Amino acid sequence: MRARGLSSVGDRFEILYGGRTNRVWRLHGHAGDLVLKLYRTDFHNPLFRNDPMSERACLERLADTSLAPRLRATGKYADQAWALYDHAPGAPWQDNTRRAAEALARLHSLEPGIDLPSGRNGSCELLDHAEDILALCAAEACVELQRLRPTGGMIAPGRTSLIHGDPVPGNLLLDAGGVVLIDWQCPAIGDPAEDIAIFLSPAMQHVYRGKALTIAEERSFLAAYAEPEVTGRYQALKPFFHWRMAAYCLWRAQNGAPDYAPAYRLEVAALTE
């Protein structure tokens with residue numbers, strides 16, 4: 001970075017602890033208030049990819065939209081990729097479902113304009129994905145979830161858009177100026193209902209802000225999203241999204257993340273409502 005004029009002697013690096021995958025620092029330096037991300041290569045996540053090239057493509061595509069930080073530079077350090085981008089003002093989302101919904105609806109209305117992996121679309125693909133995740137878990141721990149496997153009518157793939165892929169509360173930063181989405185390492189051209197499901201997921205809400213949304217908060221979000229075709233599709237696919245997220249939480253709980261055990265129970269409860 002110094003060789004490229006991106007940092008200088010005396011710049012201050014501050015470790016940021018919000019992320020759960022990569023190493024991230026806030027850089028207070030001559031070039032401004034920036035964030036440096038170093039991408040891990042030693043951890044495979046079966047639900048949330050960690051793709052630096054996809055993040056770069058999204059930050060470049062969204063440069064003029066205010067929905068993502070401005071990218072400054074990318075590079076390699078040994079076998080790890082890194083990215084440098086503007087530090088986004090604001091605090092992680094906590095309690096304004098309307099603003100979160102409006103930001104995601106705006107994102108989903110854009111022409112993608114970039115080449116990205118395809119998201120999981122339709123009930124069959126969601127079931128297959130969940131089965132792939134369960135195959136990574138201890139067999140005896142999967143008995144409960146296999147009993148709760150959704151059995152309703154199959155739902156065909158729907159329209160696609162650019163989706164963030166990981167719009168959890170910690171990845172939506174709010175201030176008076178708007179909403180900025182960060183951590184674009186697992187975007188897709190996919191079903192916008194997938195972003196809705198991840199944001200509304202009781203597990204993800206618990207992990208990132210300590211509690212699931214209330215029924216009133218979920219209804220407020222869906223009303224503010226204001227696209228009945230998409231929100232209706234989300235409602236139809238809810239059991240499949242909950243089942244896949246429960247599988248993911250089970251896998252995380254078995255692989256060094258004990259806070260996902262209560263998150264798993266929340267998704268199971270949602271399946272049995």
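Residues numbered from 1 in each chain as written. Predicted model: local features only at pLDDT ≥ 70, side-chain atom pairs only at ≥ 80, totals over all residues. Heavy atoms only, no water.

1. Considerations on the packing of helix α8 (residues 228-253) against helix α9 (residues 260-271)
Piece 1. Direction vectors running N to C along α8 and α9 enclose 160 degrees, while the axes themselves pass 8 Å from each other. Comparing their axes, α9 and α8 come out roughly antiparallel. For the pair α8 and α9, the sense of crossing is left-handed. Residues P239, H242, W243, M245, A246, Y248, C249, L250, R252 and A253 of α8 form the contact with α9, whose own contacting residues are Y260, A261, A263, Y264, E267, A270 and L271.
Piece 2. Its residues assigned to classes, the contact of α8 with α9 comprises 14 nonpolar, one polar and two charged. (Axes fitted to C-alpha atoms, helices over the stretch in contact; angles between N-to-C directions. Helix = DSSP H or I, 4+ residues; strand = E, 2+ residues; numbered from the N terminus. Parallel < 35°, antiparallel > 145°, perpendicular 65-115°, else oblique. Left-handed = near helix turned anticlockwise from the far one by under 90°. Contact = heavy atoms within 4.5 Å. Nonpolar A, V, L, I, M, F, W, Y, C, P; charged D, E, K, R; others polar.)

2. Points about helix α7 (residues 215-225)
For an α-helix, the turn length of 3.6 residues means that residues three or four places apart are oriented alike.
Piece 1. Among all positions in α7, only E218, F221, L222, A224 and Y225 are buried. Along the long axis of α7, the arc covered by the buried residues comes to 165 degrees, so they all point the same way. Turned more than 90 degrees off the buried face of α7, the exposed positions are I215, A216, R219 and A223.
Piece 2. Against the buried residues of α7 lie α2 (97-108), α5 (192-200) and α8.
Piece 3. Looking one or two residues past α7, A226 carries a phi angle of roughly 60 degrees, positive in sign. (Buried < 20%, exposed > 50% of the residue type's maximum accessible area, 1.4 Å probe, protein only. Arc of directions from axis to C-beta.)

3. Quick look at the pairing of strand β1 (residues 12-16)
Piece 1. Bridging between β1 and strand β2 (residues 23-29) involves five bridges; their strand directions are antiparallel. In the sheet register, R12 faces β2, and the bridge partner there is H28. (Pairing = 2+ DSSP bridges.)

4. Section: the sheet that holds strand β9 (residues 178-181)
Piece 1. Read from one edge of the open sheet, three strands run β6-β8-β9, paired in antiparallel fashion. Each edge of the open sheet is held by one strand with a lone partner, namely β6 (91-92) and β9.
Piece 2. α2 rests against β8 (172-175) and β9 of the sheet, and its axis sits at about 60 degrees to β9.

5. Section: the pattern of salt bridges
Piece 1. Taken as a whole and judged by the stated rule, the model has 13 salt bridges.
Piece 2. Put simply, D183 and K37 hold a salt bridge, and the shortest N to O gap is 2.9 Å. One end of the pair, D183, is in the loop between β9 and β10 (188-190); the other, K37, is in strand β3 (residues 32-38), and 146 residues separate them in sequence.
Piece 3. K37 gets classed as buried once you look at its relative accessible area, which sits at 1%.
Piece 4. For D42, the salt bridge goes to R40, with nearest N and O atoms at 2.9 Å.
Piece 5. Under the relative-accessibility criterion, R40 is labelled partly exposed at 29%. (Salt bridge = Lys/Arg side-chain N within 4 Å of Asp/Glu carboxyl O.)

6. Here's the deal with the sheet that holds β1
Piece 1. As summarised here, the arrangement of the five strands in space is β1-β2-β3-β5-β4, forming an open sheet in which the pairing is antiparallel. Two strands bound the open sheet, and with one partner strand each, they are β1 and β4 (71-77). On average, each strand axis in the sheet is inclined to that of its neighbour by 25 degrees, with strand direction left out of account.
Piece 2. Sheet topology places β4 next to strand β5 (residues 80-86); six bridges connect them, and they run antiparallel. Residue K76 lies in a different strand from β5, and its bridge partner there is A81.
Piece 3. Helix-sheet contacts for helix α1 (residues 52-61) involve β3, β4 and β5, and the interaxial angle to β4 is about 165 degrees.

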